[in-house]
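Listed below, chain by chain, are the residues.
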Amino acid sequence: MGLIENIKEKAKLQIRTIVLPESEDERVLKATQQVLEEKTANVVLIGNEDTIKKDAQACGANIEGATIIDPKKFDNIDKYIDELVELRKKKGLTREEATEIMTTEPRFFGCMMVRLGDADGLVAGSNSPTADVLKAAIHVIKTAPGINTVSSAFIMETADGKFGDNGLILFADCAVIPEPNAEQLADIACATAATASSVVGLEPRVAMLSFSTKGSANHPLVDKVQYAVDILDERNVDFSFDGEMQADAAIVEAIGAKKAPGSEVAGKANVLVFPDLQSGNIGYKLVQRFAGAQAHGPVVQGLAKPVNDLSRGCSVEDIANLVAITATQIK
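Residues numbered from 1 in each chain as written. Predicted model: local features only at pLDDT ≥ 70, side-chain atom pairs only at ≥ 80, totals over all residues. Heavy atoms only, no water.

Here we take up the nonpolar core. Leu45, Val206 and Met208 are the most contacted members of the largest nonpolar core, which totals 63 residues. Considering every element that reaches this core, the biggest residue donor is helix H8 (residues 182–200), with 10 residues. Ignoring sequence-local partners within four residues, the contact set of Val206 consists of Ala189, Ala193, Phe239, Ser240, Phe241, Asp242, Val265, Val271 and Val273. Ranked by size, the runner-up nonpolar core spans 32 residues in total, among them Phe74, Leu122, Leu303 and Val307. (Core = buried A, V, L, I, M, F, W, Y, C linked by side-chain atoms within 4.5 Å. Buried < 20%, exposed > 50% of the residue type's maximum accessible area, 1.4 Å probe, protein only. Helix = DSSP H or I, 4+ residues; strand = E, 2+ residues; numbered from the N terminus. Contact = heavy atoms within 4.5 Å.)

Let's shift gears to the sheet that holds strand E1 (residues 16–20). Spatially, the 5 strands line up as an open sheet ordered E3-E2-E1-E4-E11, and their pairing is parallel. Sheet topology places strand E3 (67–69) and strand E11 (307–309) at the edges, where each strand pairs with a single neighbour. Here the average twist between neighbouring strands, direction ignored, is 25°. Bridge count for strand E4 (residues 121–124) against E11 is 3 bridges, and the pairing is parallel. Within the sheet, the bridge partner assigned to Val123 lies in E11 and is Asn308. (Pairing = 2+ DSSP bridges. Axes fitted to C-alpha atoms, helices over the stretch in contact; angles between N-to-C directions.)

As a further point, take helix H13 (residues 316–329). Helix length check: H13 (14 residues) gives 20 Å between terminal C-alpha atoms against 20 Å at 1.5 Å per residue, within 8%. The buried count for H13 comes to 11 of 14 residues, which makes it a mostly enclosed element. Every buried residue of H13 is listed here: Ile319, Ala320, Asn321, Leu322, Val323, Ala324, Ile325, Thr326, Ala327, Thr328 and Gln329. (Expected span 1.5 Å × (residues − 1).)

Looking now at the packing of aromatic side chains. Centre-to-centre distance and the angle between the planes together describe a pair of aromatic rings. Counted according to the given criterion, the structure contains 6 aromatic pairs. When the centroid spacing of 5.2 Å and the interplanar angle of 85° are considered together, the rings of Phe74 and Phe109 count as edge-to-face. Here the residue Phe74 occupies a position in the loop between E3 and helix H4 (77–87), and Phe109 occupies one in helix H6 (residues 106–115), the gap between them amounting to 35 residues. You'll find Phe74 and Phe109 in the same group, each marked buried. Judged by centre distance (3.9 Å) and plane angle (15°), the rings of Phe154 and Tyr284 are stacked. (Phe/Tyr/Trp six-rings, centres within 6.5 Å; stacked < 30°, edge-to-face > 60°.)

Written out as structure tokens, the structure is:
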């Protein structure tokens, strides 16, 4: 059984409620049918009920069983508006502005559903830029306790099974923070370890990557990674980590033993934290193309409750898969 099949089986064990706010997209409506048929989550669609049902019929999607909520007819809209005003009062948001946002911005409305416990998670982005999805999530849901950084991870599934755990290895951050500082790198490590555990079911072994292994090179970029490792030490985290180390030392046992003898992580890492977005993004794409690996994600992490972002070129299958991943992020 592959990774996604395993995740879907896990999602079925405790059915969560996931909001899909972009109901104007026929891929979302078709994905709703797939999710409901696979029984991996309950689905909430945001928008005008008549329009959504008409669009679903037009594209041949059976959405019977989904909950449809129109913010303009929602009984608890005042509660949502008041909560947004409270959240953004330091930014001077007025109640009139909050009302406009809550009744016309489905991503904000959906995130408020998640914040207030009326839903468990949200998946969006098929019809909107990443920045819009993350803006709603950060403004409404905020970051998890002890984490100040929203980041992302790709779950890489390689065919030969040589690296990570039977070919499963997480790459972070590949999509959100261009130049993370040491504190942010430590946050990324913590969040990705949590993703590895909760979504993939791995015991995280985190390698903090660099072009240096254990002081083999001196440079401010190396210092940043070393400082991130020190921060993880100070936090007394509950997962194995080590660094700084080069990629081969992280994943090849013989090289790890030579370059970082005695390390619990070297040669056995299943989570790779890259020092910046350029290296992370380039790295996952090279592995995806050269090795024929499947790249699942990006999984957004660091938020108090799960929100995930789709590519605007996503397929129906991509949406259904990300709904299952989102459901398994919930503790």
